[in-house]
Amino acid sequence: MSERTGSTGLGTRLLYLLAGLGVVIALWRFANGIGAVSNLNQGYPWGLWIGFDILAGIALAAGGFVVAALVHLFGGERYHPLVRPAIFTAFLGYLLFIAGLLVDIGRPWTFWQMIIYWHHESPMFEVGWCVMMYTTVLFFEFIPAVLEKYRKTGWMQRWMTFAPWIAWLLVVLFAIALVRTAVWVIAIGGVLLLFQILVERGAIRRDPHVPTLLIIAGVLFSTMHQSSLGTVFTTVPHKLHALWYSPILPVLFFTSAVMVGLAMVIVEATLSAQHLRRPPESDLLRGIARGLFWAAAVYFGLRVADLAVRGAASEAFAFTPQSIAFWLEIIIGLIIPLAMLVSEEVVASDRARFWAAFLIVVGLILNRLNVAITGIHAASAPRYVPHWMEVAVSVGIVSAGILVYRGVIHWLPIIEGHGTTSLAAAARTARSAGGTHP
Amino acid sequence: MATKAMLIDAVRCIGCRACQVTCKMWNARKAEKTEFFSGPGYQNPGDLSAETWTLITYNEVQVNGRFDWVFGKRQCMHCNTPACASACPVGALKKLESGPVIYQKNRCIGCRYCMLACPFEIPRFEYSSPNPYITKCTMCADRIEAGGVPACCKVCPTGAIAFGDRDEMIREAHHRINQNPSGYYHSIYGLEEAGGTCVLHLSNVPFDKIGHRTDVPLHAVNENTERAMGTIPIVMLGAAALLGGIYKFRTRTIRHESDVPPTEE
């Protein structure tokens, strides 16, 4: 606990203050309505909370599924030390995002009604279901850290046995709600059932660390969730500016989420290493940075091709607030970091690599804000500019997130060589749990 | 019941606002405090709101070389394929076969996606309430189900609001334009807008002059959304099979922990 020296410093006190202010404003909003704390109006029903807390927040949490897939499905075992921090960040990110959602939606205490009133045509229904399903999956992906800390070997074993079936059930339930065609539901459920049966019978290798089906379910829900946030905006061809409106918004949202997921792994690993006063996992982060370059290049290519095919590229050269916002987003978030990451020196330097990844994160946030706010045009209402209290709520959520993150990495075995149990011991526990199961 | 529609004729409207008043009476909406705003003359209130579901817009427009007052009527357009209903995650907004798009308030979670999706910017949100709902014109669906006509239509003293089967209303609109070609702008607002609506407008000036949005697509706005939502089963099945397949293929030779290949760059 020697690293905790800074925790009563000025920065920490400021974080507590900001988080507290956010809570107070949230309470004020619940007493007096959303209008009392925001500039949202009848023409601009969505603002900073949707753009930042939700659209950007969910994308920034994508590291969880990207790294989990890389390590547990695609064979990048050497990246194993990055999995737990990424999954924990994703889980925390989703919890924070739900907190933001509770403030933004009008009657949050009725959110559960999505479980009983099914409307499968609605992208928002898909979003809502993805939130519930993936948060549950993330809980199950995160829980081993807690079980390990308290040496609950029996529970770890139960987790290995039951988690895949819970994951399977969630996917099937999701398919029933969203797909609504028996043949497709049976096909989707069948493929995963077959996979699990083959694992149980030894025909497919059983991963001793984690139930593979749980990871697959996480990737499935993430894919649906990231893309469905883009689908949400396909209903507004008449309101969203041509620089952002595209029929392939779901694809763009998914691709950029994969990109920023990788960027967040670099940012977060560098920052937590700094916080813990130790060197970052430089060789692993180098590999991630190379992947980040390609992910950003693919996304950049898609954006350019999409603008060209739709004939919207000329909009970028009209001198409007939208075109300025567009160029800021593209230059800060794609052109500069791509130019940086193409150089092996940047990839190799902890500092330069961090800044390249950081720019990608900033660019992604700008993109989501542009889609949700800058690009939206309502004819009948005054232009929306966030109220300071809206900003304070978002800042409060982020501050609370940093405080919880810092607390938990000291409490639980999240970062290798840190927390009370080492990851090697973690692997042993998981192995013995998995091993005793036939 | 055949699909009903309202035909609102700006040429016949005298701007008395009896429709605004009776709408509030039938739907038990509160009065608004008058606020001066930098907009068209005698219009009051300035815009639709959570309490005002229909609004007569006051527009001083040049007609045949001289300035004249032309009154438009804003309210829910009751689209044939309503973007709001398709957007709503809990099905709180619902298109009835008889024409109206209604709101089932007990289902609403307050996400306001309907407001974003609506091409006519109609649904309103109770921003000042701690227990807020969406509100909008219901075409007096309760009156229609009982065999009546919408309250605003019933009260209009000049017959500027007609109500009947949608086909019949379209015929009537064409008829009025043909009978008086110099007195009408030759278009029916709502015939094709957003895929067609159950509220049709006639006017003697272009519709954007009397408060209607004319940049609305002439097809249902959720076409792209439907296409994207349609790929869900393929993406889910494809991803499940692909991920499972990759894992199976990659680990085909690994049976024990010791078989894990040394990590390569």
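Residues numbered from 1 in each chain as written. Chains lettered and ligands numbered in written order. Predicted model: local features only at pLDDT ≥ 70, side-chain atom pairs only at ≥ 80, totals over all residues.

**Q** Honestly, the overall build of chain A in this entry has me stumped. Any pointers?
**A** Along its length, chain A carries 16 helices and zero strands. Relative to the compact-globule value of 22 Å for 438 residues, chain A shows a C-alpha radius of gyration of 22 Å, a close match. Based on the C-alpha atoms only, the size of chain A along its principal axes is roughly 65 × 55 × 50 Å. For chain A, with 438 residues in total, the buried portion stands at 53%. Considering only intrachain contacts with a sequence separation of at least 6, the fraction spanning at least 24 residues in chain A is 78%. (Helix = DSSP H or I, 4+ residues; strand = E, 2+ residues; numbered from the N terminus. Rg over C-alpha atoms; globule rule 2.2 N^0.38 Å. Buried ≥ 20, exposed ≤ 12 C-beta atoms within 10 Å, placed from the backbone. Contact = placed C-beta atoms within 7 Å.)

**Q** What is the right way to read the domain arrangement of chain B from this model?
**A** In many analyses, interface size is given as the accessible surface area lost on bringing the parts together. One can read the domain layout of chain B as domain 1 (1-221) and domain 2 (223-259). Relative to domain 2 of chain B, the C-alpha centre of domain 1 of chain B lies at a distance of 48 Å. (Domains from an automatic or database assignment.)

**Q** Honestly, the interface of chain B and chain A in this entry has me stumped. Any pointers?
**A** Contacts between the two partners involve 58 residues from chain B and, on the opposite side, 61 residues from chain A. Those elements giving two or more residues to the side of chain B that touches chain A turn out to be α2 (83-87), α3 (113-117), β6 (124-125), α7 (223-230) and α8 (232-250) of chain B. With 14 residues, the single largest contributor to the side of chain B that touches chain A is α8(B). Taken together, the residues of the side of chain B that touches chain A sort by class into 35 nonpolar, twelve polar and eleven charged. (Nonpolar A, V, L, I, M, F, W, Y, C, P; charged D, E, K, R; others polar.)

**Q** Hey, could you run me through the confidence of the model for chain A in this one?
**A** Caution applies to low-pLDDT parts of the model: their predicted coordinates are not meant to be read in detail. Residues and elements named next belong to chain A. Of the residues in chain A, 94% have a pLDDT of 70 or more, and the chain-wide mean is 91. Below pLDDT 50 for its whole length, residues 420-424 participates in eleven contacts with residues either more than four positions away or in separate chains. Between residues 433-438, whose pLDDT stays under 50, and residues either more than four places distant or in other chains, the model counts twelve contacts. (pLDDT = per-residue confidence, 0-100.)

**Q** Is there a simple way to explain the sheet that holds strand β1 (residues 4-9) of chain B in this structure?
**A** Pairing between the strands of a sheet comes from backbone hydrogen bonds, and it takes one of two forms, parallel or antiparallel. All names here are of chain B. The three strands are arranged β8-β1-β9 in an open sheet whose pairing can be described as mixed. Edge positions in the sheet fall to β8 (161-165) and β9 (199-202), since each has one partner strand and no second. Neighbour to neighbour, the strand axes of the sheet diverge by 20 degrees on average, direction disregarded. With five bridges joining them, β1 and β8 adopt antiparallel strand pairing. When the sheet's bridge partners are listed, K4 is paired in β8 with D165. Contacting β1, β8 and β9, helix α6 (residues 166-179) runs over the sheet at an angle of about 135 degrees to β8. (Pairing = 2+ DSSP bridges. Axes fitted to C-alpha atoms, helices over the stretch in contact; angles between N-to-C directions.)

**Q** What am I meant to see in the pairing of β1(B) here?
**A** Burial analysis of β1(B) places six of its six residues in the buried class, which makes it a mostly covered element. Covered by surrounding structure in β1(B) are B:K4, B:M6 and B:I8 together with B:A5, B:L7 and B:D9, the residues of both alternating faces.

**Q** Explain the confidence of the model for chain B to me, please; I cannot follow it from the model alone.
**A** Residue and element names in this part refer to chain B. Chain-level pLDDT for chain B is 92 on average; 94% of the residues reach the 70-or-more range. By mean pLDDT, the top-scoring element of chain B is β9 (98), and the lowest-scoring one is α7 (91). The ipTM for the predicted assembly is 0.91, set against a pTM of 0.92.

**Q** Would you take a moment to explain the packing of helix α4 (residues 80-104) of chain A against helix α10 (residues 249-275) of chain A for this structure?
**A** All names here are of chain A. In contact at an axis separation of 11 Å, α4 and α10 are set at 105 degrees when each is read in the N-to-C sense. In terms of axis orientation, α4 runs roughly perpendicular to α10. Residues L82, P85, A86 and T89 of α4 form the contact with α10, whose participating residues are M264, V265, E268, A269 and S272. Here the contact of α4 with α10 is built from residues that sort into six nonpolar, two polar and one charged. (Parallel < 35°, antiparallel > 145°, perpendicular 65-115°, else oblique.)

**Q** Would you take a moment to explain the packing of α10(A) against helix α11 (residues 282-310) of chain A for this structure?
**A** Axes are the key here: two packed helices are described by the angle between their axes and the distance separating the axes. All names here are of chain A. Orientation of α10 relative to α11, taken along the N-to-C sense of each, is 155 degrees, at an axis distance of 9 Å. Our classification of the angle between α10 and α11 gives roughly antiparallel. Crossing of α10 over α11 shows left-handed handedness. Between α10, through V251, L252, T255, S256, V258, M259, L262, A263, V265, I266 and A269, and α11, the contact on the second element is made entirely by L285, I288, A289, G291, L292, A295, A296, V298, Y299, L302, R303 and D306. Among the residues making up the contact of α10 with α11, the classes are represented as 18 nonpolar, three polar and two charged. (Left-handed = near helix turned anticlockwise from the far one by under 90°.)

**Q** I tried to follow helix α8 (residues 182-200) of chain A on my own but got confused; where do I start?
**A** Residue pairs spaced three or four apart in an α-helix point in one direction, given the helix's 3.6 residues per turn. With 19 residues, α8(A) should reach 27 Å at 1.5 Å per residue; the first-to-last C-alpha distance of 26 Å fits that figure. Restricting attention to buried positions, one finds in α8(A) the residues A:V185, A:I188, A:G189, A:V191, A:L192, A:F195 and A:V199. Packed against the buried residues of α8(A) are α7 (153-179) and α9 (212-232) of chain A together with α8 of chain B. Positive backbone phi, approximately 85 degrees, marks A:G202, located one or two places after α8(A). (Expected span 1.5 Å × (residues − 1).)

**Q** Explain unusual backbone geometry here, please?
**A** Trans is the common state for peptide bonds, and a negative phi is the common state for residues other than glycine. All names here are of chain B. The residue after N44, namely P45, is reached through a cis peptide bond having omega -5 degrees. Within the secondary structure, P45 sits in the loop between α1 (18-27) and β2 (55-63). For N64, which is not a glycine, the phi torsion comes out positive at approximately 50 degrees. For N64, the location among the structural elements is in the loop between β2 and β3 (66-74). For N64, a count of 8 C-beta atoms within 10 Å translates into the label exposed. Positive phi, normally seen in glycine, also occurs at C140, with a value near 50 degrees. Relative to the elements of secondary structure, C140 occurs in the loop between β7 (134-135) and α4 (141-145). Look at C140 and you get buried, because 23 C-beta atoms sit within 10 Å.

**Q** Even after reading the chapter, I still don't get the nonpolar core, so can you show me in this structure?
**A** Within soluble globular proteins, side chains that are nonpolar tend to cluster in buried spots. In terms of nonpolar packing, the biggest core is built from 225 residues, with A:V260, A:A263, A:I266, A:L292 and A:I360 touching the most fellow members. Residue contributions to this core reach at least three from each of two domains, namely domain 1 (1-221) and domain 2 (223-259) of chain B. Setting aside residues up to four positions removed in sequence, A:L292 forms contacts with A:M259, A:L262, A:A263, A:I266, A:L341, A:A357 and A:I360. (Core = buried A, V, L, I, M, F, W, Y, C linked by C-beta atoms within 7 Å.)

**Q** Teacher, can you tell me more about the environment of A:M264 here?
**A** Residue and element names in this part refer to chain A. Within the element layout of this structure, M264 appears in helix α10. Separated by 183 residues in sequence, M264 and P81 have C-alpha atoms that sit 15 Å apart. Setting aside residues up to four positions removed in sequence, M264 forms contacts with L60, G63, T89 and V361.

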